[in-house]
Amino acid sequence: ASLCDRLVDVDEHLKVVPGLAKSWAWSEDGKTLTMDLRKGVTFHDGEKFDAAAAKYNLDRALTLKGSLRKSEISSVESVEVTGPMQIALHLKTPDAALLMQLTDRAGAMMAPDAAKKPDFAAHPVCSGPYKFDSRVSQDRIVLTRFDNYWNKDAYHFDKIIYLPIPDASVRLANLRAGDLDLTEGIAASDVKTVEADSKLALAKVTGLGYQGITFNINNGKVPANDPFKDARVREAFSQAIDRDALNQVVFEGLYTPANQAFSPVSPYHVNLPVPPRDVDKAKALLKAAGVTTPLSVNLLVPNNPTSQQVGQVLQAMVAEAGFNLNLQMTEFATLLDRQQSGDYQLSFSGWSGRPDPDGSIYGFINSKGTLNDGRYSNAQIDEWLTQARQSTDQAARQPLYD
């Protein structure tokens, strides 16, 4: 976000606000989005931002091999340059979620000439308030202020250093010692310590994101007899989990037990109670599915202490239902690679959430979703998700998400 401006942005009230597009308008049939672009914007390498650059980026997201953005903007049929600083997005069908998708990575604008170079991943070039300086894998990312930024007066730091520190207690120790200016992500067990320290300020929010377990049903070399292909086995695993107890043990009761992709702060949150733990039901489901217990299964877990705790609690809970859960502690980027390639059975990972509900569910469970790492496929759900995209009316969308 520091490096790359998006076409539009989202404010703290979840409203779409201007970014590199200063204004936009929909056609009457909802199938053409015309955007007027901001003049006088340059990329960090001096390239000019204009309609051709915007078209290049959107086309790239739609056609690049392995693009994870493709399903987010898959409603776009074509992008037309209608003026030096104007583009028109022609859609296959109306898409209520499109504008909100463009506030995120699908709407991020990269320098076209730089993006065509083979080493672009190691030397990214965008048009945001900060430009890329250096990256040391597993150690740091350094950005410096971009002096030619169109809104540079709003940014005051000369340099930002991002440090990945997986252990929350180490992060906090560095913060208290003055080695860090701020951290994102305080462990629940450290909240009281932070609140008691007069030198620190704590910000809390109920986020849009969630943590979940992805079951690999049909991605990569999944054995034909893998038990999780049977929905009853997946349900049994879920029934064996006491989400309230997990919240108390690992998160001091500060988190919200979840059963869906939609946060309680989302207007689309489905009013469906989180099911209580039911070990007897879990055992009955496994028996009905013809599973011989104990059933050994493997779970990828990010290699940080909090995730490891979650894994250990899950391990103990599901064991009572007949699952022998093996935890495979994995560096997070490697975990995501393994998920995408199908080199896993179950994986514990999360999503940061999106203001529009489509962004928190479509890519993950639509048959053609580019984030559908388990390859779940259900024609009825595909139809509901597509219908929900095509209306801007919450009254019409809500029952489909329900």
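Residues numbered from 1 in each chain as written. Predicted model: local features only at pLDDT ≥ 70, side-chain atom pairs only at ≥ 80, totals over all residues. Heavy atoms only, no water.

A closer look at helix α13 (residues 394-401)
For α13, the full list of buried residues reads Arg-397, Gln-398 and Tyr-401. Along the axis of α13, the buried positions cluster into a sector of 105°, meaning they face one direction only. Away from its buried face, by an angle of more than 90 degrees, α13 presents the exposed residues Ala-395 and Pro-399. Two to three positions downstream of the cap, the backbone nitrogen of Ala-395 sits 3.0 Å from a side-chain oxygen, assigning the N-cap of α13 to Asp-393. (Buried < 20%, exposed > 50% of the residue type's maximum accessible area, 1.4 Å probe, protein only. Helix = DSSP H or I, 4+ residues; strand = E, 2+ residues; numbered from the N terminus. Arc of directions from axis to C-beta. Polar contact = N/O pair within 3.5 Å; in protein donor to acceptor, adjacent residues only side chain to side chain.)

A closer look at the sheet that holds strand β13 (residues 346-351)
The 4 strands lie next to each other as β10-β13-β11-β12, forming an open sheet whose pairing is mixed. Since the sheet does not close on itself, it has two edges, and those belong to β10 (210-215) and β12 (323-330), each with one partner. Sheet twist, expressed as the average angle between the axes of neighbouring strands with direction ignored, equals 30°. Judged from the 2 bridges that link them, strand β11 (residues 295-302) and β13 form a sheet pairing that is parallel. (Pairing = 2+ DSSP bridges. Axes fitted to C-alpha atoms, helices over the stretch in contact; angles between N-to-C directions.)

Considering the packing of aromatic side chains
Applying the stated criterion across every chain yields a total of 14 aromatic pairs. Both rings, one in Tyr-130 and one in Tyr-155, keep their centres 6.1 Å apart while their planes meet at 85°; by these two values the pair is edge-to-face. Here Tyr-155 lies in the loop between β8 (140-145) and β9 (159-162) and Tyr-130 lies in strand β7 (residues 130-136), a separation of 25 residues in the sequence. Using a relative accessible area of 30% as the deciding quantity, one classes Tyr-155 as partly exposed. Ring geometry for Tyr-149 versus Tyr-155: centroids 5.7 Å apart, planes at 80°, classification edge-to-face. Following the ring pairs from residue to residue traces out a cluster consisting of Tyr-130, Tyr-149, Trp-150 and Tyr-155. The ring of Tyr-362 has Arg-389 lying over it, and the distance from NZ or CZ to the ring centre is 3.6 Å. (Phe/Tyr/Trp six-rings, centres within 6.5 Å; stacked < 30°, edge-to-face > 60°. Lys NZ or Arg CZ within 6 Å of the ring centre and 35° of its normal.)

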